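Single-letter residue listing:
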Amino acid sequence: MLLALLAPTALAQVRPLVLESQSHRDVVHSPTLFPARLAKFEPLWEVAAGGTLLPGLVGGPGGVVYGLREGRVLSLSPGDGHILWERDAGALQWGPRGMEGRLYVVTPGALAALDPGNGRSLWQQPLGGEAAFPPLLTRDLVVVVLQEGKILALAPEDGSRLWQADLGCALRAEPALDEKMLLAGCPDGTVSALSAIDGQVLWQRMLPAPMVVKPAITEKRVFVGTEDRTVTCLSAGRGKKKYRYQLAGNPASALSVQGDLILAGAQDNLLYGIRQHGGHLAWSADAGARLLTLPAVRGHVAVASPVLSDQLVVMDLRDGAVTGRRFLPGEDRMSAGSPVFAGKTLVAISQPITGGPGWLSGMKLEVTVIQDDTVMGQ
């Protein structure tokens, strides 16, 4: 049996924290109660990775793509785990990233684009330096930040250079990119918004502490996690501060927007769900270990596998309820990174506790309501 439930009994309903309006502190809102739920896993397949896994999977109905520290990129079928294609890419710094029918891999001093259907090289461009982070992607732009702080914007079609900028500092945290702006933070606490059109500075804001994780961008607001245990909301238009929310530990994972929530994994092992419009806490959920990467999300179901932990943790984003915990398959293994949904298959990656070649495990995840009148909510 590849996977075993940690607790086969029904999990109790988790009531989220009472919500308090930031602007009307005398008003409290009773949160919605949902029925108790239980996550069930069905193992489908498991395959050896063929080398040491790099964090970062790209998943879709057509395949799961991953990178190996030994310099190879592979694609597996989500249905049964068989290899669809394999390519030698040389030395890799991170796992592949993908968008709009292209995969992007960073090699020392260069960026390459691959066809996700067969792994064929589409183009390769020198960067003139070493990349500090994986590439940032939109439909119309590929952005690479170099270690000294230079920013290169390339065309997805052929890798031609569209613009470049220089923040004048070596970034500690990965920037964020959307169709309108790139948001980056320097170690002195300066947050800069650059136009995605031409790289010009739109606005700058000085925060009390430096950015430590990848921020999140929405149409009207941006969200920044800083090393003073804070998530700060700024207006996207001018960088004006809207509110600050204090976590119990420093942010540890990239910030992410899911509906009305800002998700933030922190060093206290909790995943926080913060209401993006009001800035108050919706819930916090125990991930069992420090979340250095955000969970895989499908609908309101989130699956976390904290790096170096031995568990998969399933949470409901509607109220933060932990609906299941399950050991990773095999013995003496730990997580090698966040899982990914590929079509109907959840794919998790693991490696030996002592390090070395890892595994990919495909499974079916189902979250069911526990039919028990004593735990059913309204």
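The rules we used
Residues numbered from 1 in each chain as written. Predicted model: local features only at pLDDT ≥ 70, side-chain atom pairs only at ≥ 80, totals over all residues. Heavy atoms only, no water. Disulfide = S-S within 2.5 Å. Helix = DSSP H or I, 4+ residues; strand = E, 2+ residues; numbered from the N terminus. Buried < 20%, exposed > 50% of the residue type's maximum accessible area, 1.4 Å probe, protein only. Polar contact = N/O pair within 3.5 Å; in protein donor to acceptor, adjacent residues only side chain to side chain. Patch = residues over 30% accessible without salt bridge, like charges linked within 9 Å, V, L, I, M, F, W, Y side chains within 5 Å. Areas by Shrake-Rupley, 256 points an atom, 1.4 Å probe, with all protein chains shown as cover. Salt bridge = Lys/Arg side-chain N within 4 Å of Asp/Glu carboxyl O. Lys, Arg positive; Asp, Glu negative; His and termini not counted. Charge placed at Lys NZ, Arg CZ, Asp CG, Glu CD.

Visitor: Go over the state of the cysteines with me, naming the residues and quoting the values.
Guide: The full count for this structure, using the stated rule, is 1 disulfide. Shown here is the disulfide that connects Cys169 with Cys186, its sulfur atoms set 2.0 Å apart. Since a negative S-S torsion denotes a left-handed disulfide, the Cys169-Cys186 link at about -75 degrees is left-handed. Here the residue Cys169 occupies a position in the loop between β15 (161-166) and β16 (176-177), and Cys186 occupies one in the loop between β17 (181-185) and β18 (190-195), the gap between them amounting to 17 residues.

Visitor: Residues and numbers for the environment of Arg325, please.
Guide: Mapped onto the fold, Arg325 is located in strand β31 (residues 322-327). Judged by relative accessible area, which is 24%, Arg325 ranks as partly exposed. Along the primary structure Arg325 and Met315 are separated by 10 residues, whereas in three dimensions their C-alpha atoms are 9.2 Å apart. Of the polar contacts made by the side chain of Arg325, one reaches the backbone oxygen of Asp286; its length is 2.8 Å.

Visitor: I'd like to hear about a negative patch on the surface, residue by residue, with values.
Guide: Residues Asp140, Glu157, Asp158 and Glu179 make up a contiguous surface patch of negative charge. In this structure Asp140 comes out as exposed when scored by relative accessible area, which is 57%.

Visitor: Hey, could you go over the pattern of salt bridges for me, with residue numbers and the actual values?
Guide: Side chains that differ in sign of charge can pair as their charged atoms come close. The tally for this structure, following the rule as stated, stands at 10 salt bridges. For Arg37, the salt bridge goes to Asp316, with nearest N and O atoms at 2.7 Å. Linking Arg37 in strand β3 (residues 37-48) with Asp316 in strand β30 (residues 311-316), this pair joins segments that are 279 residues apart in sequence. The two residues Arg37 and Asp316 agree in class, both being buried.

All quantities given are derived from atomic positions and should not be read as evidence of function.
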